[in-house]
Amino acid sequence: MLNITPLPAFNDNYIWALQTEQSTGFYVVDPGDAQVVIEYASSKNLTLQGILITHHHHDHTGGISALIQHFGDIPVYGPDSENIKGINRPITTQTQLTLEGIGLEVEIMQVPGHTLGHIAYVIADALFCGDTLFSGGCGRLFEGTAEQMFDSLSRLSQLADDTKVYCTHEYTLANLRFARAVEPNNQQLQQYEQQAIQLREKNVATLPSSIAQEKAINPFLRADCTEIQQNLAVQFQQPIANTLQSFALLRQWKDNF
């Protein structure tokens with residue numbers, strides 16, 4: 001049994017804390033802020049056993065050095081290609097690993113697009129996808145191409161429908177406003193937005209989502225949808241020839257929405 005706790009950080013980040021029922025320690029995913037993690041450990045009388053990093057952006061990595069100073073020489077997993085200070089368990093091409101200290105089996109997925117070396121972790125039925133897939137959206141193309149991101153998201157969408165999606169930002173409401181603009185007749189999207197609004201009014205995280213949910217409401221996983229393509233054709237005054245073009249135009253539209 002895996003217990004997953006969101007630790008809010010900065011304006012809209014979540015650092016995910018992972019703990020098995022047998023463990024007195026925990027792992028965190030993308031700790032941009034060390035103090036949040038230290039306070040959580042202290043309040044729960046736990047020790048940090050390791051860190052998982054998805055990509056190099058500072059709001060995901062900024063707490064690594066302080067956490068190592070505080071908790072000692074703990075394993076820090078992350079993409080070798082992104083030159084992240086503090087990583088001592090570099091991930092290159094491996095697709096599986098076992099987390100030291102808690103024995104959890106992890107599947108590793110290469111998901112370039114937001115950054116070139118971005119990786120995602122699948123642990124049991126939980127996907128930790130950093131800034132690749134958001135609820136109702138996807139990450140900006142800071143380093144990769146639309147084709148890379150489209151391929152990465154396509155592979156994530158092939159995970160089991162009940163896979164829970166733990167991304168690293170509370171972007172859901174903003175993403176759903178855009179999703180409604182490009183697919184206004186999607187009733188599941190409308191219902192999901194109302195649920196998300198109610199959660200945020202209570203200051204509750206909209207996450208995790210699920211792969212099934214995202215396939216039903218996320219325009220970036222629905223670039224082949226007729227209504228979306230028709231609205232893109234109107235927005236950009238050009239015919240939509242294929243799904244990749246549809247995806248690239250969606251990302252362009254969202255960047256300026």
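So, here's what we can say about the structure. (Residues numbered from 1 in each chain as written. Predicted model: local features only at pLDDT ≥ 70, side-chain atom pairs only at ≥ 80, totals over all residues. Heavy atoms only, no water.)

**Some thoughts on the overall build of the protein**
Along the protein, the regular secondary structure elements total nine helices and 14 strands. Against the 2.2 N^0.38 benchmark of 18 Å for 257 residues, the protein shows a C-alpha radius of gyration of 18 Å, consistent with a compact globule. Dimensions along the principal axes, computed over C-alpha positions, put the protein at roughly 55 × 40 × 30 Å. Classification of the 257 residues of the protein by burial places 55% in the buried group. Counting every atom, the protein has about 11400 Å² of accessible surface; 46% of that belongs to carbon and sulfur. (Helix = DSSP H or I, 4+ residues; strand = E, 2+ residues; numbered from the N terminus. Rg over C-alpha atoms; globule rule 2.2 N^0.38 Å. Buried < 20%, exposed > 50% of the residue type's maximum accessible area, 1.4 Å probe, protein only. Areas by Shrake-Rupley, 256 points an atom, 1.4 Å probe, with all protein chains shown as cover.)

**Quick notes on the nonpolar core**
Ranked by size, the top nonpolar core spans 54 residues in total, and within it Leu99 and Leu127 carry the most contacts. Of all the elements, strand S9 (residues 119-123) adds the most residues to this core, at five residues. Residues within four places of Leu127 in sequence aside, it is in contact with Ala120, Tyr121, Val122, Leu133, Leu156, Leu159, Thr163, Lys164, Val165, Tyr166 and Ile211. With 23 residues, the next largest nonpolar core counts Phe26, Val36, Ile64 and Ile84 among its residues. (Core = buried A, V, L, I, M, F, W, Y, C linked by side-chain atoms within 4.5 Å. Contact = heavy atoms within 4.5 Å.)

**Concerning the packing of aromatic side chains**
Taken as a whole, this structure holds 12 aromatic pairs when the rule is applied. Taking 5.6 Å as the distance between ring centres and 55° as the angle between the ring planes, the aromatic pair formed by Phe150 and Phe247 counts as tilted. Note that Phe150 is positioned in helix H4 (residues 146-156) and Phe247 in helix H9 (residues 243-255), a separation of 97 residues in sequence. We classify Phe150 as partly exposed; its relative accessible area is 23%. (Phe/Tyr/Trp six-rings, centres within 6.5 Å; stacked < 30°, edge-to-face > 60°.)

**Comments concerning the packing of helix H5 (residues 172-182) against helix H6 (residues 187-201)**
Where H5 contacts H6, the two axes come as close as 10 Å, and the packing angle between them is 155°. The orientation of H5 relative to H6 falls into the category roughly antiparallel. Crossing of H5 against H6: the hand is left-handed. For the pair H5 and H6, contact is made by Thr172, Leu173, Leu176, Arg177, Ala179 and Arg180 and by Leu189, Tyr192, Glu193, Ala196, Ile197 and Arg200, respectively. Split into classes, the residues belonging to the contact of H5 with H6 amount to seven nonpolar, one polar and four charged. (Axes fitted to C-alpha atoms, helices over the stretch in contact; angles between N-to-C directions. Parallel < 35°, antiparallel > 145°, perpendicular 65-115°, else oblique. Left-handed = near helix turned anticlockwise from the far one by under 90°. Nonpolar A, V, L, I, M, F, W, Y, C, P; charged D, E, K, R; others polar.)

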